[in-house]
Amino acid sequence: MDDYIACLDKVYPLADYITVNISSPNTAGLRELQEETALRQLVSQLRDRQEDLAARHGRRVPMLVKVAPDLSERDIDAAARVLGELQVDGVIATNTTIDHSKVAGDPLANEAGGLSGAPVLEQSTLVLRRLRSRLPESMPLIGVGGILSGADAVAKMAAGAALVQCYSGLIFRGPALVSECVEAIRRRREAPSRGAGAIAAMISKGGASSPRSKNSVSCAMLVGSWRLTPKSCVP
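This text gives an overview of the structure that appears in the document. (Residues numbered from 1 in each chain as written. Predicted model: local features only at pLDDT ≥ 70, side-chain atom pairs only at ≥ 80, totals over all residues. Heavy atoms only, no water.)

## Things to note about the packing of helix H4 (residues 121-134) against helix H5 (residues 150-158)
Stated formally: Where helices are involved, their axes are fitted lines through C-alpha atoms of the stretch in contact, as for all axes, and angles between N-to-C directions lie from 0 to 180°. Only DSSP runs of H or I covering at least 4 residues are called helices, and only runs of E covering at least 2 are called strands; the numbering of each starts at the N terminus. We call two directions roughly parallel when the angle between them is under 35 degrees, roughly antiparallel when it is over 145, roughly perpendicular when it lies between 65 and 115, and oblique otherwise. Residue contacts are defined here by distance: any two heavy atoms, one from each residue, within 4.5 Å place the two residues in contact. Residue type decides the class: Asp, Glu, Lys and Arg count as charged, Ala, Val, Leu, Ile, Met, Phe, Trp, Tyr, Cys and Pro as nonpolar, and the leftover types, Gly among them, as polar.
At their nearest, the axes of H4 and H5 sit 9 Å apart, and the two run at 25° to each other. For the element pair H4 / H5, the angle class is roughly parallel. Contacts between H4 and H5 involve Leu121, Ser124, Thr125 and Leu128 from the first element and Asp152, Ala155 and Lys156 from the second. Taken together, the residues of the contact of H4 with H5 break down into 3 nonpolar, 2 polar and 2 charged.

## As for the nonpolar core
For clarity, the cut-off: To qualify as a nonpolar core, a set must consist of buried Ala, Val, Leu, Ile, Met, Phe, Trp, Tyr and Cys residues joined through side-chain atoms within 4.5 Å. The cut-offs for exposure are 20% and 50% of the maximum accessible area for each residue type, with area from a 1.4 Å probe on protein chains only; residues under the lower value are buried, those over the upper are exposed, and the others partly exposed.
Val91 and Leu131 are the most contacted members of the largest nonpolar core, which has 44 residues in total. Per-element tally for this core: the top contributor is helix H2 (residues 36-57), with 6 residues. Setting aside chain neighbours within four positions, we find Leu131 in contact with Val67, Ile76, Ala80, Val91, Ala93 and Leu141. Grouped together as the second largest cluster of nonpolar side chains are 5 residues, Leu64, Ile92, Ile142 and Val144 included.

## Some points on the sheet that holds strand S4 (residues 141-144)
Operational definition: Strands pair, by our definition, only if DSSP identifies at least two bridges between them.
Ordered by their spatial adjacency, 5 strands build an open sheet running S1-S2-S3-S4-S5, and the pairing between neighbours is parallel. What marks the edges here is a single partner per strand, and that holds for strand S1 (18-21) and strand S5 (163-165). Direction aside, neighbouring strands of the sheet carry axes that sit 25° apart on average. The pairing of strand S2 (residues 63-67) with strand S3 (residues 90-93) spans 4 bridges and is parallel. The partner of Lys66 across the bridge, within S3, is Ile92. Across the sheet, H4 lies against S2, S3 and S4, angled at about 170° from S4, the strand it touches most.

## Remarks on the side chain of Asp152
The condition is simple: Under this rule, positive means Lys or Arg and negative means Asp or Glu; His and the chain ends count for nothing. Here, a salt bridge means any Lys or Arg side-chain nitrogen found within 4 Å of an Asp or Glu carboxyl oxygen.
Positionally, Asp152 belongs in helix H5. Of the buried charged residues, Asp152 lacks a salt bridge, with Arg173 as the closest side chain of opposite charge at 7.1 Å. Sequence-distant contacts of Asp152, that is, excluding residues within four places in its chain, are made with Leu121, Gly146 and Ile147.

## A closer look at the side chain of Thr97
Where we set the bar: Distance and chemistry together define a polar contact, namely a pair of N or O atoms within 3.5 Å, with one atom able to donate a hydrogen and the other to accept it when in protein, and with adjacent residues in sequence counting only for side-chain atoms on both sides.
Examined against the element boundaries, Thr97 turns out to sit in the loop between S3 and H4. A residue is classified by how much of its surface remains accessible, and Thr97, at 4% relative accessible area, is buried. At 3.0 Å, the side chain of Thr97 forms a polar contact with the backbone nitrogen of Asp99.

## What to know about the pattern of salt bridges
Opposite charge on two side chains makes pairing possible when the charged atoms of those side chains draw close. The final tally for this structure, using the stated rule, is 16 salt bridges. Residue Arg173 pairs with Glu180 through a salt bridge whose shortest N-O separation is 2.8 Å. On the basis of relative accessibility, which here comes to 33%, the residue Arg173 falls in the partly exposed class. Residue Glu180 is classed as buried on the basis of its relative accessible area of 11%. The network of salt bridges with shared partners includes Glu36, Arg40, Arg81 and Glu85.

Coordinates in, geometry out; function isn't part of it.
The structure is reproduced here in structure tokens:
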């Protein structure tokens with residue numbers, strides 16, 4: 001607990017938002033903090049500190065909690081109950097996975113540590129969707145895990161994300177992934193009834209690589225800079 005408080009104190013004056021990581025598989029014992037009692041104790045104290053720091057610095061910095069993709073449905077229920085009751089500013093779903101079954105047979109499949117990229121897409125999106133159905137609609141969710149295309153970003157938004165994050169996808173696809181995701185999300189917003197499948201079809205026909213309009217450029221800026229507040233995700 002002392003480590004979390006110390007870090008919160010240090011980064012608060014500098015941060016646009018703060019992520020409370022309780023789900024890294026690379027830190028021994030960290031995921032035990034997702035157990036309901038431990039999670040409530042941790043987040044309750046951090047929320048109290050957050051309010052103290054807001055008063056001290058004259059600005060409120062949003063605090064989000066990042067969860068694992070390997071949670072059972074019961075664990076998701078418990079996490080949603082705690083995070084909803086304590087009114088965190090948002091949830092990031094998800095971190096990397098300890099399930100390496102999707103890469104079975106690979107020479108590095110038995111290496112220790114979290115697995116990211118395409119193998120985590122399905123499970124992380126499932127956790128995102130379940131959290132969305134259990135948390136207040138006013139609490140924004142950030143979808144992350146396995147986004148390697150615009151269609152993947154649309155799938156996250158369809159599952160309930162207000163924002164998306166890309167990590168491994170930037171390594172494999174480079175900056176072009178960002179504009180592709182922005183264009184796919186823009187198209188979905190303009191024609192939401194078409195669904196992720198239709199968006200994917202449009203992308204495969206070259207829609208995402210077409211010249212970007214002023215609106216799509218503005219959207220690209222918003223994807224990375226929306227302001228998270230306790231009650232909404234405001235562009």
